[in-house]
Amino acid sequence: MTPAVVVDGRRYSGQGIDLRDEEVAPETVVAALDRAGNAEALDGEPDDAATAASADRTVAYHGPSPGVGHGILREPADGRPTLRATLAAAARSRGLTASVDDDIEGIRAQLASLSVGSASTAAQRRRESAAGADVAELRERVAALRGQLEARREVGAPTEAVAEKIAAAAAELSEAETERVAAEQALADAERRSRPNRAARRRRLRLQDRLANLERDARAELAAAVHDDFAAAAEAVPGAVDAGDDPGSISGDRLAARYAALRVADLDAPVVLTGGRFPDADAAAATLSTPVVRV
Amino acid sequence: MLVVVTYSREARTTLRNACRNNEAAVVERVGRAALLAATELGAFLALRLRAKHGADVWVGRTEPFNEFADAPEAVRTAATAYEDRESPYTPYAKFAAGTDHPAPERMADREL
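All of these numbers come straight from a predicted model, not from anything done at the bench. (Residues numbered from 1 in each chain as written. Chains lettered and ligands numbered in written order. Predicted model: local features only at pLDDT ≥ 70, side-chain atom pairs only at ≥ 80, totals over all residues. Heavy atoms only, no water.)

**Topic: helix α1 (residues 9-21) of chain B**
In an α-helix, one full turn covers 3.6 residues, which means residues spaced three or four apart are oriented alike.
Residue and element names in this part refer to chain B.
Okay, step 1: The terminal C-alpha atoms of α1 lie 19 Å apart, and with 13 residues this matches the ideal 18 Å at 1.5 Å per residue to within 8%.
Okay, step 2: Residues of α1 that are buried: Ala11, Arg12, Thr14, Leu15, Ala18 and Cys19. Each buried residue of α1 lies within a common arc of 160 degrees when the element is viewed along its axis, so the set occupies one face. Away from its buried face, by an angle of more than 90 degrees, α1 presents the exposed residues Arg20 and Asn21. (Helix = DSSP H or I, 4+ residues; strand = E, 2+ residues; numbered from the N terminus. Expected span 1.5 Å × (residues − 1). Buried < 20%, exposed > 50% of the residue type's maximum accessible area, 1.4 Å probe, protein only. Arc of directions from axis to C-beta.)

Dropping the structure here:
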């Protein structure tokens, strides 16, 4: 099936699709391709039109579904993703696998089944703080009233009203002290309850670290597996790339290196090009041996 | 001092960057944890982390440990005696068995 893109009702198709006159944003085309990938993941109908609308432009993609590796390779640029990740994606698009793939799947499954609940003790911290402040304030008030009482006694003034205030404040203080003890206990309990939650988070972090290490190993292995092909492809794309002896020693034009990776890759859905290194979309598709949408 | 422990890759990265950019507030950073100065700047850093990463950031408050005030003599004596033991391969539980030194389980159950 030949890739086709429909922009506001106008249909373009072929291995090289030139949309420069349409002036659509690359993100809009990428979004349409993404939707094609998601539609397949959801209901297994990759040929359904995947439509993306943005800034009153409607872009639909009809064609082969973006396969493995397309997400990394679809927009060649000289920055991220890293060249190693790009080469690994090219290898994956050709069906290559890494020796650690099973371990990676196993850890992903463990991570998916690991649940960490909420461990926040914020409400209890706030309550304890408020209770402590109340106690301090009431203690000051009782002390001040006692001072007044003493002063009135010394000059022989009536003390009943102040004594009543003291009794009321003392009752409030006693209540506040009870609340503070309860609040402290509640915070200690909440802190204790949050410990297993943190242990689960620690386990999750260890798994994530292990997963990241394995994924890095997989990328290195896959990139190395296609390095010879990459070196040959580097000769065929515009821009100077020195492939070196291994993926770690590739140097030179970073965008050209991404082009070479695309030449190595086996993609059925188009990638989106914005640069001007190729005379037209068809020439780009031929050089990259990959369907291309030029925007 | 404030002690900050992170529980996710993202929180750990933020902690690393925050510590790098605010040396004045950092006493120690080890892996995914850090000791921050008990200053408003230390509190600000800890709270920024918590605001960004929620329960993936735990914040506590520490003070220097004075074993003479905070730990019973039996524990101090046991620690010193164990470090003076003859065989470096004797686990503490075995070392303590049949002596006056407290068993590890007993110590685990007793709060300071």
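**Focus on the interface of chain B and chain A**
Okay, step 1: Each side of the interface is counted separately: chain B has ten residues, and chain A has eleven residues.
Okay, step 2: In this structure, the connection of chain B to chain A is made through four salt bridges.
Okay, step 3: Arg9(B) is the partner of Asp209(A) in a salt bridge, and the nearest nitrogen-oxygen pair spans 2.5 Å.
Okay, step 4: For the pair chain B and chain A, the number of links is five residue pairs in polar contact (both at pLDDT 80 or more). (Contact = heavy atoms within 4.5 Å. Salt bridge = Lys/Arg side-chain N within 4 Å of Asp/Glu carboxyl O. Polar contact = N/O pair within 3.5 Å; in protein donor to acceptor, adjacent residues only side chain to side chain.)

**Examining the pattern of salt bridges**
Residue and element names in this part refer to chain A.
Okay, step 1: This model, assessed by the stated rule, comprises 22 salt bridges over all chains.
Okay, step 2: The partner of Arg10 in a salt bridge is Glu22, and the shortest N-O contact between them spans 2.6 Å. With Arg10 in strand β2 (residues 10-13) and Glu22 in the loop between β3 (16-18) and α1 (26-43), this residue pair connects regions lying twelve residues apart in the sequence.
Okay, step 3: In this structure, Arg57 engages Glu22 in a salt bridge whose closest nitrogen and oxygen atoms are separated by 2.9 Å. Placement of the pair is Arg57 in strand β5 (residues 57-62) and Glu22 in the loop between β3 and α1, with a sequence separation of 35 residues.
Okay, step 4: Given a relative accessible area of 8%, Glu22 falls into the buried group.
Okay, step 5: Each of Asp8, Arg10, Glu22 and Arg57 takes part in a single network of salt bridges with overlapping partners.

**Comments concerning the packing of aromatic side chains**
Residue and element names in this part refer to chain B.
Okay, step 1: Scanning the model with the defined rule gives four aromatic pairs over all chains in all.
Okay, step 2: Measuring from centroid to centroid gives 5.2 Å for Tyr82 and Tyr92, while their planes differ by 85 degrees, and the two rings are edge-to-face. Within this pair, whereas Tyr82 is found in helix α4 (residues 73-83), its partner Tyr92 is found in helix α5 (residues 92-96), the two being separated by ten residues in sequence.
Okay, step 3: The class for Tyr82 is buried, based on a relative accessible area of 15%.
Okay, step 4: Geometry around Tyr7 places Arg32 over its ring, the cationic atom sitting 5.2 Å from the centre.
Okay, step 5: The aromatic ring of Tyr82 is capped on one face by Arg85, whose charged end is 3.9 Å from the ring centroid. (Phe/Tyr/Trp six-rings, centres within 6.5 Å; stacked < 30°, edge-to-face > 60°. Lys NZ or Arg CZ within 6 Å of the ring centre and 35° of its normal.)

**Quick word on the sheet that holds strand β9 (residues 292-294) of chain A**
All names here are of chain A.
Okay, step 1: Across the sheet, which stays open at both edges, the three strands sit in the order β3-β9-β8 with parallel pairing between neighbours. Unpaired on one side and paired on the other, β3 and β8 (271-273) mark the two borders of the sheet. Shown here is a sheet whose adjacent strand axes are inclined to one another by a mean of 20 degrees, direction ignored.
Okay, step 2: For β8 and β9, the ladder comprises three bridges, and the chain directions are parallel. Directly across from Val271, in β9, lies its bridge partner Val292. (Pairing = 2+ DSSP bridges. Axes fitted to C-alpha atoms, helices over the stretch in contact; angles between N-to-C directions.)

Read these as spatial facts, not as claims about activity.
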